[in-house]
Structures are given as structure tokens and as C-alpha cells.
Amino acid sequence: MRYYVWTVGCQMNEADSERIVRALQDRGLAEAQSAEQADVVILNTCSVRQAAEDKALSKVGSLRPLKLARPDLIIGFGGCMVAGDTVDGLRRRLPYVDVFFPPSEPDGLLELIDHRMADRDPTFDDDVASDGCLAPTVVASAGAIVNTSRPRPVARWLPIMSGCNRRCTYCIVPFRRGREVSRPIPELVDESRRLVADGAREITLLGQIVDRYGRDLRPQRFHLGDLLRALQDVEGLERIRFLTSHPRDFTEEVLEATATLPKVCEHINIPVQAGDDDVLQAMWRGYTIDVYRRIVARIRERIPTCSIATDIIVGFPGETEDQFRHTLDLMEELRFDVVHVAMYSPRPGTVAGDRMPDLLSQAEKKDRLHRVEEIQERVSLELNQTLVGTTQQILVEDTDKGKWKGRTRTNKLVFFEDPRDWLGRLANVRIDRPSPWSLQGSVVGGEQPGPVRPVLQPLPVLNSRSPAVPSNSLR
Ligand code: SAM
Ligand code: SF4
């Protein structure tokens, strides 16, 4: 049997898909290049913005003729569009979908696949294989990967917690992913070791608010700093990243761990969302711009080389031109390395979606989005220009158009040409040319590379990290 997985949305969704793929490969399924060639098609969806939902509905619509032609095709529809109160509606709207599964809970999907495989092959032991792939203690799903001929990605996602206890007025996530649940440290260390044994050298810890990691653990509460210290000792792991931080929860302890633990990279993702106090209040973000400014100043004081990424929403209900200009002013003042910008999208069920009229037109929102992008393009280029002539340590993750591709510790994308095999190795690269989204350089040292590769072809990696993220892309 062959599978095809389609994913839209954030890193958490990418991590969920990666784990589903591993569970499928553990069962002996091979990857198909398209939905047409697959026996199992899985769509992992996102609800954060209407555009993401529309994309998923259009994708699943395109599968209908396939299902009519091949009734034994399994179609799984999961992720943030699937929640207790949406399933009935989805079932009525998409009767040809076999199984709907909530975010991070693909057990129903895997059970169906196991039964189908058992029907095809009576020797298949579905008791063993039906373990849920995301159940953290299930060794079968998280362990060695079988039946895969593809190289494993060097940089992996590791969800350390699920859910969110905050209620930002625009955000659907808490309604779809539930309350915060942290995974215990020993389990995460164990999984990290397995990822390293499977080729990982960098792990990014994922949580909606990573700074709140461990508060719910019992009998003893832990902190993200404790987890970072535990992972520092994982042999073979070179780099650790974490996202996303929240200005209300970011702590001195996390900053200290980032500053002092050699494997923890100097990169902090801390969304501001808007540059105006009244808008922040309407968003229920729980901080002021002044508090945010002080956090950025403190990060830069403690780790001067740290790169800082942020998220911004433009066109929140009631955002005036003046309030929007405050966001642009903040960008000029703080000069972020990366800005992920999105046009506000009303989400039914949220406070803003239900009670705050969405008065700005698409054209006005687009105009604001472009103004944010314009400033950020200039700032990113200026910041990247300061790196020209410096030597950066790059962890090489992939190839792209005949070049090696990797990231600096500060998460900047770097390309360089070299005939030797650098995949998964640390290269010292001198930066020659900047652009707003990436850097071009020449290798000047690093770990011992592998032998010369005759033709540098794109590597067929399972789930490569997203490229230089255009600032308005879905995350
Ligand atoms: N937990 C993180 C935080 O507190 O900022 C971010 C998680 S959220 C799923 C990812 C990003 O999606 C947010 O930072 C926000 O910019 C964007 N987002 C969430 N809801 C949105 C909406 N209704 N319209 C537009 N963008 C939205
Ligand atoms: Fe959504 Fe706010 Fe929770 Fe982030 S902190 S996931 S934006 S509710």
C-alpha cells in the first residue's frame, strides 16, 4: 500500500504529519508521489485563517472523483479543522471521507488502515500495529523506521506540549487543540535520542507557548529551562531550538538557558502581533508595547547576537490607520530579523470573530500587509548585510538547485556550492552575498565532508524544513 500526505499550517502540523508518516512507514507503507497513485490519502488541515480552510476544502474536493473511481481508497481528513463541534458538519459535507481525526490524534485513521491491511493480508498483526503513533510512550511508533529508502531529515520538530490556555480574541487554536498538556522530560529525552539515532542533529521544540512548558506536570512541575538542560546532554545532538515564546510568559530562566547552554541556538520567536496598546488589549494579549520593548532589550543585552522573529496581524477589527502606523514604527525601532505577517481572518467561535465587526476591506488589509513586508524586506537585507565577510556555522540540511542549503545558529538560511557531501554536517561558511531572505557563501572549513557527489541533485527528504519563509506565508 502507498500513502500520500498533504499538510498545511504551522510547524506543529508538520510535526504531526511527520509522525503519521513514520507510523505508516512502520506498517510497511511506501510513499506515493501523488494522491492519484496512493491507497491512503491524508490531509492535515489548519484553521488559523479562512484561506487555510479553503485550501483544504478545495484539496479534499479534488479527491472526490478518485474515491468514486476507487472506493477502496482511504481518505483521512485531520488537524485543526476537525474538532468535536465540526465533525458532524464535515461528515455531511464530505461523505466520501473515510475518517476524520483531531489534531495530534490520528489513532482512528491508523486503526482503519490496520483493518484494511489485515483484510488484504491475513498474516498482518493489527494488534501490534494499531498503537497510536502520537501516544508518547508507544515505542513501536517512535522507534526505528523500517521500509524507508529515503534519507532522514537532519532538523526535526519535537512537540513538547499541546494546546493553549490563553484566549487571544482572534485565535481558534485553544478551541481546536484544547488546554495545555506537557510531555514529561524523560519521554522527550528518550524521543530526542531516537531522533538522533535516526539522523537528526537539530531539534526544534514546539509548543503554542513553549515558556509555559511543564507547569501542568505532576507530581513535580518543570520548566523549559529544565528540559533544555536535559537535552543538552543528549549525545550527537548539535543544536536545540524552541518556539513559540509569549511576551507574558517569557522568563529570565529561558533566556539564561539560551545564553549559557552551548547547544541552544541564539534565536527567539516572540510574536508581538500589533504595535499599539489598544489593539493589544482588544486582542487580549496581556502586555503593553513597553513591556515587549523591555523584553527585546533584555534579550539583546544578554545575547547580543540573538536573532528575533515576530508575528504581526494586520487589519484586526477596529485597527485604525494611526494604530497600524504604530506597528510600522515598532518594526523600524526594534528591527526584527524575521516578521511573519498575516491579514486578520475572522474565525467563528472566537471573541473577535463573533463580536467584533471585521470592517476593513481585503484591499485595505492587503495594503497594510504589503507595507509591513516592504519595511521588513529592507530591514532584513540591512541586517543580513552586516554578516557579509563573517564566518557562520551552518548545519547542512538539504540541497537546492545544485547548492547546499543550511541554517546559521540564528536560523538564517545559507546556500553554498561545493562538490563534496555536506549533508548533515556542520560547515563553516564565509558569507559573500546577502538578500532579505537568505545568504550566499563559500565553505572555508568545518567537519570532514563526505566524498565528492558527482551531480548535486535535490535530496528526497521526508519533510524538509520550510525554506526562507516569505513573511506572509502560512505557518
Ligand atoms: N502561540 C503563538 C502566539 O501567542 O503568538 C502563536 C500561535 S498562532 C497559531 C500562529 C500565528 O497565527 C499567530 O501568531 C498569529 O499571528 C496568526 N493568527 C492566529 N489567528 C489568526 C487570525 N484569526 N487571523 C490572522 N492571523 C492569525
Ligand atoms: Fe492562539 Fe494566543 Fe494561544 Fe498563541 S497564545 S495559540 S495566539 S490563543
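Residues numbered from 1 in each chain as written. Chains lettered and ligands numbered in written order. Predicted model: local features only at pLDDT ≥ 70, side-chain atom pairs only at ≥ 80, totals over all residues. Heavy atoms only, no water.

Visitor: Explain the pattern of salt bridges to me, using residue names and the numbers behind them.
Guide: In this structure the tally under the stated criterion is 41 salt bridges. Between R212 and D249 there is a salt bridge; the shortest N-O distance is 3.3 Å. Here D249 lies in the loop between β10 (239-243) and α11 (252-260) and R212 lies in the loop between β9 (202-206) and α10 (224-232), a separation of 37 residues in the sequence. Per residue, the accessibility class of R212 equals that of D249, and both read buried. Its salt-bridge partner being R371, residue D367 comes within 3.2 Å of it at the nearest N-O pair. Of the two residues, D367 and R371 both sit in helix α16 (residues 362-385), four residues apart, roughly one turn of that helix. Accessibility expressed as a relative area gives 22% for R371, which makes it partly exposed. The structure contains a network of salt bridges with shared partners spanning E319, E321, D322, R325, D367, R368 and R371. (Salt bridge = Lys/Arg side-chain N within 4 Å of Asp/Glu carboxyl O. Helix = DSSP H or I, 4+ residues; strand = E, 2+ residues; numbered from the N terminus. Buried < 20%, exposed > 50% of the residue type's maximum accessible area, 1.4 Å probe, protein only.)

Visitor: Let's hear about the sheet that holds β9: which residues, and what values?
Guide: Taken in spatial order, the three strands of this open sheet run β6-β9-β10, and their pairing is parallel. In this open sheet, the two edge strands, each paired with only one partner strand, are β6 (155-159) and β10. For this sheet, the mean inter-axis angle between neighbouring strands, taken without regard to orientation, is 25°. Pairing geometry for β6 and β9, over five bridges, is parallel. The residue of β9 that forms the bridge with A155 is E202. Most of the contacts of α10 go to β10, to which it runs at about 160°, and overall it touches β9 and β10. (Pairing = 2+ DSSP bridges. Axes fitted to C-alpha atoms, helices over the stretch in contact; angles between N-to-C directions. Contact = heavy atoms within 4.5 Å.)

Visitor: Tell me about the confidence of the model for the protein, and please be specific about residues and values.
Guide: Residues at a pLDDT of 70 or more form 89% of the protein, whose mean pLDDT is 89. Low confidence marks residues 124-151, where pLDDT is under 50. Its contacts with residues over four positions away, or in another chain, come to 60 contacts. Note that pLDDT drops below 50 for residues 461-475; the model gives that stretch 52 contacts with residues more than four away or on any other chain. (pLDDT = per-residue confidence, 0-100.)

Visitor: Tell me about the packing of α11 against helix α13 (residues 289-302), and name the residues and values.
Guide: Look at α11 against α13: their axes get within 10 Å of each other, and the N-to-C directions meet at 30°. Here α11 lies roughly parallel to α13, going by the angle between them. As α11 runs across α13, the sense of the crossing is right-handed. Listed contacts from α13 to E252, L255, E256, A259 and T260 of α11 are R298, I299 and R302. Classifying every residue of the contact of α11 with α13 gives three nonpolar, one polar and four charged. (Parallel < 35°, antiparallel > 145°, perpendicular 65-115°, else oblique. Left-handed = near helix turned anticlockwise from the far one by under 90°. Nonpolar A, V, L, I, M, F, W, Y, C, P; charged D, E, K, R; others polar.)

Visitor: Give me the pairing of strand β18 (residues 426-434): which residues, what numbers.
Guide: The pairing of strand β14 (residues 391-400) with β18 spans five bridges and is antiparallel. Bridged to Q393 within β18 is N428. Where β18 and strand β19 (residues 439-446) come together, seven bridges link them in antiparallel fashion. Residue pairing in the sheet places A427 in a bridge with G446 of β19. Connecting the antiparallel pair β18 and β19 is a turn made up of four residues.

Visitor: So what's going on with the packing of helix α14 (residues 321-334) against α16? Residues and values would help.
Guide: Contact pair α14 / α16: the axes reach a minimum separation of 10 Å and the direction vectors enclose 15°. In terms of orientation, α14 lies roughly parallel with respect to α16. With respect to the hand of their crossing, α14 and α16 are arranged in right-handed fashion. On α16, the residues touching E321, F324, R325, L328, M331 and E332 of α14 are R368, R371, V372, I375, Q376 and R378. For the contact of α14 with α16, a count of residues per class yields five nonpolar, one polar and six charged.

Visitor: I'd like to hear about the packing of aromatic side chains, residue by residue, with values.
Guide: Remark: the centre distance and the inter-plane angle together describe each pair of aromatic rings, the angle taken between the planes. The final tally for this structure, using the stated rule, is six aromatic pairs. On the basis of an interplanar angle of 65° and a centroid distance of 5.8 Å, the ring pair of F77 and F100 is categorised as edge-to-face. Taken together, the residues F77 in strand β4 (residues 74-79) and F100 in strand β5 (residues 99-101) connect sequence positions 23 residues apart. Accessibility classification places F77 together with F100 in one group, the buried group. Through pairs of rings, three or more aromatic residues link up here, namely Y170, F316 and Y344. Stacked on the ring of F175, the Lys or Arg R167 has its end atom at 5.3 Å from the ring centre. (Phe/Tyr/Trp six-rings, centres within 6.5 Å; stacked < 30°, edge-to-face > 60°. Lys NZ or Arg CZ within 6 Å of the ring centre and 35° of its normal.)

Visitor: Got a sec to walk through empty space enclosed by the protein? Specific residues and values, please.
Guide: Using the criterion set out here, one finds five cavities of 30 Å³ or more in the structure. Taken as a whole, the second largest cavity holds about 70 Å³ of empty space. Along the walls of the second largest cavity sit A15, E18, R19, R22, W157, E191 and L195, which together make up its complete lining. Taken together, the residues of the lining of the second largest cavity sort by class into three nonpolar, no polar and four charged. (1 Å grid on protein atoms, 1.4 Å probe; cavity = no way out; pocket = protein on both sides within 12 Å on 5 of 7 lines; lining within 4 Å. Points joined across faces, edges and corners; volume = space filled by probe spheres on them.)

Visitor: Can you break down the pairing of β4 residue by residue, with the values?
Guide: Of all six residues that make up β4, six are buried, and the element is covered over most of its length. Bridge count between strand β3 (residues 40-45) and β4: six bridges; the pairing is parallel. Within β4, the position partnered with T45 by the bridge is G79. Note that β4 and β5 share three bridges and pair parallel. Bridging from a neighbouring strand, G76 pairs with V99 of β5.

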